[in-house]
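So the chains spell out like this:
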Amino acid sequence: MVFLSFVYRFLTNFAFMALVYFSLNFMEKYQNRAVLAILVLIYAGMRAASTLRAFYFFQKIEKLEAETKRLQAPINDGSGGTIAQKQIVMDVARLRRDGELKSYMDLFFLALIVLLCVAAIMRQ
């Protein structure tokens, strides 16, 4: 399931990039192409801001993971702790890591889209 989520994220980002590429290349008038490129740049900027905000969120989750491990250490040494608690912390860490990878993937495709838009604006 994790692999499918990465494939889905890649395909949706690639489809959006392909849509932008073909839309900008089939516009014949410079003015229409420039307006479309600027609108896509605004959208890409909003998505990039949202993705960067997600990194802040992942950073806070990482701090909570470290704090949970620190608080669980004395409990686990004395009474053995539950396997379920350890599993929950490991699942959260895995989900955070996967979310960060997806965010990096989003930023990569957004950077490519920005390059396409800037090239379309600069091209006469």
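Scroll up for the structure.
Remember, predicted model here, so these are calculated numbers, not experimental data. (Residues numbered from 1 in each chain as written. Predicted model: local features only at pLDDT ≥ 70, side-chain atom pairs only at ≥ 80, totals over all residues. Heavy atoms only, no water.)

## Points about a nonpolar patch on the surface
- Where nonpolar side chains cluster on the molecular surface, the patch consists of Met1, Phe3, Leu4, Val7, Phe10, Leu11 and Phe14 and spans about 790 Å² of accessible area.
- For Val7, a relative accessible area of 31% corresponds to the partly exposed category. (Patch = residues over 30% accessible without salt bridge, like charges linked within 9 Å, V, L, I, M, F, W, Y side chains within 5 Å. Areas by Shrake-Rupley, 256 points an atom, 1.4 Å probe, with all protein chains shown as cover. Salt bridge = Lys/Arg side-chain N within 4 Å of Asp/Glu carboxyl O. Buried < 20%, exposed > 50% of the residue type's maximum accessible area, 1.4 Å probe, protein only.)

## Some remarks on the nonpolar core
- Phe6, Phe16, Met17, Val20, Leu24, Ala37, Val40, Met105, Phe109, Ile113, Cys117 and Ala120 together form the largest nonpolar core, which totals 12 residues.
- Taken together, the elements giving at least two residues each to this core come down to α1 (2–26), α2 (30–79) and α3 (83–122).
- Not counting chain neighbours up to four residues away, the residues in contact with Met105 comprise Phe6, Arg9, Phe10 and Asn13. (Core = buried A, V, L, I, M, F, W, Y, C linked by side-chain atoms within 4.5 Å. Helix = DSSP H or I, 4+ residues; strand = E, 2+ residues; numbered from the N terminus. Contact = heavy atoms within 4.5 Å.)

## As for the environment of Ala18
- Of note, Ala18 is situated in helix α1.
- Along the chain, Ala18 and Phe109 lie 91 residues apart, while their C-alpha atoms are 11 Å from each other.

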